[in-house]
Amino acid sequence: MSDAESLTARAQRAAQIAREPEHYKVCEGCESIVVLDAATCPNCHGYRFDTDPARVVEQAEILG
C-alpha cells in the first residue's frame, strides 16, 4: 500500500468514526480511538477512556 493509499484509508476510517462516534471511545493514555467494547487499549494497554461523542469526533478529525 502506498503512502497516498494509506492516508486515504485513514481519512475514510476517520470519517466513518466521526459519523458514528457513539460506537467508539478515546484512550486517555495514548489518544487512540478504540471500539466501545474494548476493555483496554490495544496500543498502550491503558484502561481509562473518554466516551464523549464530541471528543471522539474531535480526535477522529485530528487523526484523519
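Here, the structure is the one placed above.
The model shown is predicted, which means the values in this text are computed figures rather than measured ones.

Criteria and thresholds
Residues numbered from 1 in each chain as written. Predicted model: local features only at pLDDT ≥ 70, side-chain atom pairs only at ≥ 80, totals over all residues. Heavy atoms only, no water. Phe/Tyr/Trp six-rings, centres within 6.5 Å; stacked < 30°, edge-to-face > 60°. Lys NZ or Arg CZ within 6 Å of the ring centre and 35° of its normal. Pairing = 2+ DSSP bridges. Helix = DSSP H or I, 4+ residues; strand = E, 2+ residues; numbered from the N terminus. Salt bridge = Lys/Arg side-chain N within 4 Å of Asp/Glu carboxyl O. Buried < 20%, exposed > 50% of the residue type's maximum accessible area, 1.4 Å probe, protein only. Core = buried A, V, L, I, M, F, W, Y, C linked by side-chain atoms within 4.5 Å. Contact = heavy atoms within 4.5 Å. Axes fitted to C-alpha atoms, helices over the stretch in contact; angles between N-to-C directions.

Caption draft 1: Spotlight on the packing of aromatic side chains. In total, this model carries 0 aromatic pairs according to the counting rule given. Directly above the ring of Phe49 sits Lys25, whose terminal nitrogen or CZ lies 4.1 Å from the centroid.

Caption draft 2: Layout of the pairing of strand E1 (residues 24–27). Two strands pair when backbone bridges link them, and E1 and strand E2 (residues 33–35) are joined in this way by 3 bridges, in the antiparallel orientation. Considered in E2, the bridge of Val26 is made with Ile33. Between the antiparallel neighbours E1 and E2 lie 5 residues, among them Glu31 with a positive phi of about 65°. Relative to strand E3 (residues 49–50), E1 is paired through 2 bridges, and the arrangement is antiparallel. Looking across to E3, one finds that Val26 is bridged to Asp50.

Caption draft 3: Fine view of the pattern of salt bridges. Scanning the entire structure with this criterion turns up 2 salt bridges. A salt bridge links Glu28 to Arg48; the shortest N-O distance between them is 3.7 Å. Here Glu28 is found in the loop between E1 and E2, whereas its partner Arg48 is found in the loop between E2 and E3, with 20 residues between them in sequence. What makes Glu28 partly exposed here is its relative accessible area of 45%.

Caption draft 4: Spatial organisation of the nonpolar core. Among the nonpolar cores identified, the biggest contains 7 residues, and these are Ala14, Ile17, Tyr24, Val26, Ile33, Val56 and Ala60. Where this core is concerned, the elements lending two or more residues are helix H1 (3–19), E1 and helix H2 (53–63). Grouped together as the second largest cluster of nonpolar side chains are 5 residues, Cys27, Val34, Ala38 and Phe49 included.

Caption draft 5: Inspection of the sheet that holds E2 at higher detail. Strand order in this open sheet of 3 strands is E2-E1-E3, and the pairing throughout is antiparallel. In the strand order of this sheet, the two ends are held by E2 and E3, each with one partner. Strands in contact with H2 are E1, E2 and E3; relative to E1, the strand with the most contacts, it is inclined by about 70°.

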